[in-house]
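# Remarks on the overall topology
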Amino acid sequence: MEWEAVIGLEIHAQLSTNSKIFSGASTAFGAEPNTQACAVDLALPGTLPVFNEEALRSAVKFGLAIDAEIGRKSVFDRKNYFYPDLPKGYQTSQLFYPIVGVGHVDITMDDGTTKRVGVTRAHLEEDAGKSLHDEFPGMTGIDLNRAGTPLLEIVSEPDIRSAKEAVAYVRKIHAIVTSLGICDGNMAEGSFRCDCNVSIRPKGQEEFGTRTETKNINSFRFIERAIEGEIERQIDLLEDGGRVVQETRLYDANKNETRSMRSKEEANDYRYFPCPDLLPIIIDDDYIDVIRNDLPELPDARKARFMDDYGLSDYDAMVLSGERNLAQYFETVAKASDDAKLAANWVMGELSKMLNQNDTEIVNSPVSADQLGGMLVRIKDDTISGKIAKQVFEVMWHEGGTADQIIEAKGLKQVTDTGAIEGIVDEVIAKADKQVEQYKAAEPEKRGKMLGFFMGQVMKATGGKANPGAVNGILKKKLDALCD
Amino acid sequence: MFDKTLAELASGLENGDFSSVELTQTYLDRIKAEDSKYNSYITVTEEHALAQAKAADEARAAGNASAFTGLPIAQKDIFCTDGVKTSCASKMLDNFVAPYNATVVDKFNAAGAVMLGKTNMDEFAMGSSNESSFYGPSRNPWDTDRVPGGSSGGSAAAVAARLAPAATGTDTGGSIRQPAALCGITGLKPTYGRVSRFGMIAFASSLDQGGPMTRTAEDAAMMLNVMAGFDHRDSTSMQVEVPDYTADLNQPLKGLTIGLPKEYFPQDLSPAIAMQVQNAVKEFEAMGATVKEVSLPNTALAIPAYYIVAPAEASSNLSRFDGVRYGYRCESPVDLEDLYKRSRGEGFGPEVQRRIMVGTYALSEGFYDAYYKKAQQIRRLIKQDFVNALNECDVIMGPTTPHPAFKLGEKTSDPVAMYMEDIFTIALNLAGLPGMSIPCGQTEGLPVGLQIIGDYFAEQKLLNVAHQFQLATDWHKQTPDGI
């Protein structure tokens, strides 16, 4: 049977406000446990929440960016459940009246096709603290620094049909929130994480199958793998005559599999009701217009600009415009090198490869955009070849330094002196009787391809430093002279 | 000295008749000698009080005294006090010392007041008799076999027994007015949002409101001057200007229209109470007020609606008492569930547990619409009743309670009978309106309370009406035997 996956995603984006959503405590990451939790965050008796309006502005920005309805009236509700890292015994969230209503984003797949994915809603809520199980044998530690950090929970429609689409959607949302500057997008620190709802159904069937929810996945790669694995697991289950159980699952990145966390039978009845300590948030058109007029450039607009201004292809523009940090990096390199195409190739090629291999975010790249741009200038002025540039880049990544310093220190400057190259070419030709004979015997139009061998020998003899263009010209001239 | 009102004590301090230290010591000595009879205090803060009194005397000597400087008061043990135990009369918080003051406490400190101690109450303010206190019931100074009312029973008993000239209370369904009525004192529940709830341990957030419990309306005005005002730490406090509540006390009542809701004089109302209230109304007529009948047709729905809304909010508000971060934790929990169940099972008394269960049920999936949502709809109807009635009159009057103080243990086995004691007070909290109870007579040696209800933020009018009554009568001057 042919199966179809139905996927809906809930993304939690931590909002980059200075203080928490309902208290004045700092939201900075990485402080000593419980040093950034005030009386309100600890839920001491008698304390009351006071809403941080910065979180509201962030949510409205997001709503405008996805062309969504903005809730003129939104209300905080209490989601009641007991857990040690949930100090009040309830999470303040928005169930009945979210700040952001129905909206959508368009995603582009690798093959260039585009698809619209609906966003059901996005609402404000507070994060819980963290339970630390490993540090205290036989006990559980509670760190409430994160408790009360503002989150925007973005809920998609079940419009997604594959793991690849899911990743494209998550990347798009990531691009939007980082471009808006409302979320730092740091997935490793948990600032941006994703719950995946997955079900399968026979292709053509209208009705949804039973879904599972895999919680808190914090990398694009894991999202893809977790969904792929979950689809496979469900197909195997159904094809073996089993049934899918509605449950919450956890993704184990080490084993690359999901496993059951709790079933619906054990699920809480959250007893939502409007929080009586907070007033409904009422906003008007003026409030929204002020925010709209102040919106930064969004990924779709940036993509169009990259195509217009830099002449990038649709695909390159999409990749480079997505993440704000990546886009800024690219633009800096493009300007420094005055060659957008070369900049695009390097950013999407060598740089991305190294970032991926080292699991590094672009903001933490050891090679700065100015360093890379400086190196591209040296490619363009023939100081180094593209091939040597890879060596320079490698050194830059591991040891630092400007391109000029590295070229100088390692003696990588390209040999463009034609006299020197001619000498080496003569030596190579002298040692390669067999290949010279073959060259002479070949049809003139096929000789071009045969230059490769001689080229390789020259490069080998010069340690790759000979200017390939110059070598090419001299080789051709000298070999063709032998043929006359 | 201890039989004086706040206003009289303020002049005494101003005239140098006595110092705040002398005054404070007088009350501390009385508490030591007498409070075993009433159990009105959970904590007496002797050292703290004398230090504050000394500071107040120094401020006065330096010419920095304001209206409240050096006046002693008691705080209901629901208001958090920095460095002093705040128990909410619960085993759950028997070990809890807050690292901050409630806004109300801050305001009294800033005004130069002296805190004598923290008064007894029903556990987490849930009760109408003070019998649910972990520290044992407070007793009614008029008859120590009887309850002082609740939940602010300790505050009412302390003021009635002259163990404090004034105290704070909180009122979620009548918890200021009902004990004020039962102990023969003056109590004011302000408009919801008038007094900050920050640091006031929440029972039902949308209903809770702090207010003064005093001997006279004039004293209540002095207290409210300190307590009222917007607080950026409480989103539900209102940005409405705070007048000088003592300024209009002497306005004549000629032309005042008093509405008497027929629903507040039901067939089964104690005839003695009905008579005392009618007599009080006649007193106002003699001052030039006119009386008309009004209707609050949804009165009968107030108790059922209240006993959905209040427990629902309480069930959520009290979730934080989980034995994890502070407060009571059971011995040797075997796992998390055991920790929760036993800490809460052992830390909360039966009335609190009952309300948590009722509230949890009312909010459960599948019942929310039938209970909580319906109760909120009723709440709007009740509010509209009052708005309609107050379009026809300036103030509404009626009995505060259907009966005078009852005996300890009389209603503990019948929660619904206990809940019915709040029949006349509860609707006001659902509507968010201000109301007062002042003594207006006695029956069989027990005080009877007259309830006066006004429009939103009309506390000044209520205090004016109550003060004029107290100028003309002396019910508020009656003292229990043995005081």
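Residues numbered from 1 in each chain as written. Chains lettered and ligands numbered in written order. Predicted model: local features only at pLDDT ≥ 70, side-chain atom pairs only at ≥ 80, totals over all residues. Heavy atoms only, no water.

### Looking at the overall build of chain A
So the rule is basically this: The way it works is that DSSP assigns letters per residue, a run of H or I at least four long becomes a helix, a run of E at least two long becomes a strand, and they are numbered from the N terminus. We take the radius of gyration over the C-alpha atoms and set the globule estimate at 2.2 Å times the residue count to the 0.38 power. Note on exposure labels: buried denotes an accessible area under 20% of the residue type's maximum, exposed denotes more than 50%, and partly exposed covers the range between, all computed with a 1.4 Å probe on protein chains only. When checking whether two residues touch, look at their non-hydrogen atoms; a contact exists if any pair is within 4.5 Å. All accessible-area figures derive from a Shrake-Rupley calculation using a 1.4 Å probe, and residue coverage is judged against the displayed protein chains alone. Note that His is not counted, nor are the chain ends; the positive residues are Lys and Arg, and the negative ones are Asp and Glu. Every charge is mapped onto a representative atom, which is NZ of Lys, CZ of Arg, CG of Asp or CD of Glu.
Assigned secondary structure in chain A consists of 15 helices and 15 strands. By the compact-globule yardstick of 23 Å for 484 residues, chain A is too spread out, its C-alpha radius of gyration being 29 Å. Taken along its principal axes, the extent of the C-alpha atoms in chain A is 95 × 55 × 55 Å. For chain A, the residues scored as buried account for 51% of the 484 residues in total. Excluding contacts between residues fewer than 6 apart, the proportion of contacts in chain A whose partners are at least 24 apart in sequence is 68%. Of the roughly 22,500 Å² of accessible surface on chain A, 48% is carried by carbon and sulfur atoms. One finds the centroid of the 57 positive side-chain charges in chain A at a distance of 3 Å from the centroid of its 79 negative side-chain charges.

### Observations concerning the pairing of strand 1 (residues 3-14) of chain A
Residue and element names in this part refer to chain A. Counted only if it meets this: One requirement defines pairing of two strands: DSSP has to find at least two bridges between them.
Summarising burial for strand 1: 11 of the 12 residues are buried, a large majority. Looking at chain direction, strand 1 and strand 10 (residues 192-202) are connected through 11 bridges and run antiparallel. Looking at strand 10, one finds that His12 is bridged to Arg193.

### Describing the environment of Asp94 of chain B
Residues and elements named next belong to chain B. The topology assignment puts Asp94 in the loop between strand 2 (72-76) and helix 4 (103-111). On the basis of relative accessible area, Asp94 is assigned to the partly exposed category, the value being 32%. Those residues within four positions of Asp94 in sequence are excluded, and the remaining contacts are Lys85, Ser87, Phe134 and Tyr135.

### Focus: the side chain of Thr191 of chain B
All names here are of chain B. Position of Thr191 among the secondary structure elements: in the loop between strand 5 (186-189) and strand 6 (209-214). Residue class for Thr191 comes out buried when judged on its relative accessible area of 1%. Each residue touching Thr191, except ones within four places of it in the same chain, is listed here: Gln209, Gly432, Leu433, Pro434, Tyr456, Phe457, Ala458 and Glu459.

### Notes on the interface of chain A and chain B
Many authors give the size of an interface as the accessible area that is lost as the parts come together. So the rule is basically this: Between Lys or Arg on one side and Asp or Glu on the other, a salt bridge is scored when a side-chain nitrogen of the former is within 4 Å of a carboxyl oxygen of the latter. Polar contacts, as counted here, are pairs of nitrogen or oxygen atoms within 3.5 Å of one another; within protein the pair requires one atom able to donate a hydrogen and one able to accept it, and residues that are adjacent in sequence qualify only if both atoms are side-chain atoms. Side-chain classes follow a simple rule in which Ala, Val, Leu, Ile, Met, Phe, Trp, Tyr, Cys and Pro form the nonpolar group, Asp, Glu, Lys and Arg form the charged group, and the remainder, Gly included, forms the polar group.
At the interface, 30 residues of chain A touch 39 residues of chain B. Inspection of the region where chain A meets chain B yields 1 salt bridge. On the surface where chain A and chain B come into contact, there are 17 residue pairs in polar contact (both at pLDDT 80 or more). If you list the elements that add at least two residues to the side of chain A that touches chain B, you get strand 3 (77-80) and strand 14 (273-274) of chain A. Here the residues of the side of chain A that touches chain B are counted per class, giving 21 nonpolar, 4 polar and 5 charged.

### Focus: the domain arrangement of chain A
Residue and element names in this part refer to chain A. Under the convention used in this document: Each domain's extent was defined by an automatic or database domain assignment. Values labelled buried area give the accessible surface lost by two parts on being combined, using a 1.4 Å probe and summing over both.
Assigned domains of chain A: these are domain 1 (3-290), domain 2 (297-410) and domain 3 (418-483). On a C-alpha basis, the centroid separation for the pair domain 1 and domain 2 is 33 Å. Domain 1 puts 13 residues into the contact, and the matching count from domain 2 is 13 residues. Both sides of the domain 1 and domain 2 interface together cover about 1,100 Å² of buried area, and 47% of this is carbon and sulfur. Applying the counting criterion to the domain 1 and domain 2 interface returns 2 salt bridges. A salt bridge links Lys172 to Asp300; its shortest N-O distance comes to 2.8 Å. Our count for the domain 1 to domain 2 interface comes out at 4 residue pairs in polar contact (both at pLDDT 80 or more).

### So, helix 14 (residues 447-462) of chain A
All names here are of chain A. We apply this condition: A helix's residues, less one, multiplied by 1.5 Å, set its expected span. A residue's bend is the angle separating two fitted axes: one through the seven residues that end there, the other through the seven that start there.
For helix 14, built from 16 residues, the straight-helix expectation of 22 Å at 1.5 Å per residue is met to within 8% by its first-to-last C-alpha distance of 23 Å. Roughly 25 degrees is the biggest bend found in helix 14, and it falls at Phe453. If you check which residues of helix 14 are buried, you get Arg447, Leu451, Phe454, Met455, Val458, Met459 and Thr462. Where the residues of helix 14 are buried, they touch helix 12 (418-430), helix 13 (433-441) and helix 15 (468-483). Once helix 14 ends, the next one or two residues include Gly463, with phi positive near 65 degrees.

### A short note on the domain arrangement of chain B
Residues and elements named next belong to chain B. Considered domain by domain, chain B is made up of domain 1 (6-255) and domain 2 (300-376). Measuring from the centre of the C-alpha atoms in domain 1 to the corresponding centre in domain 2 gives 27 Å. Of the residues lining the interface, 20 residues belong to domain 1; the matching set on domain 2 comes to 20 residues. If you sort the residues of domain 1 by the area they bury against domain 2, Met92, Met126 and Phe203 come out on top, with a joint share of 39%. Along the contact surface separating domain 1 from domain 2 lie 0 salt bridges. Summed over the shared surface of domain 1 and domain 2, the result is 9 residue pairs in polar contact (both at pLDDT 80 or more).

### Notes on the nonpolar core
The condition that has to hold: Buried Ala, Val, Leu, Ile, Met, Phe, Trp, Tyr and Cys residues that are joined via side-chain atoms within 4.5 Å together make up what is termed a nonpolar core.
Ranked by internal contacts, the top residues of the largest apolar core, which has 145 residues, are Phe68, Phe124, Phe386 and Leu463 of chain B. For this core, the element with the most residues is helix 9 (residues 299-317) of chain B, which contributes 10 residues. Beyond its immediate stretch of four places on either side in the chain, Phe386 of chain B contacts Tyr264, Leu296, Ile396, Ala427, Leu428, Ala431, Leu433 and Ile453 of chain B. Counting residues in each nonpolar core, the second largest holds 64 residues, with Ile7, Leu56, Cys194 and Val198 of chain A among its members.

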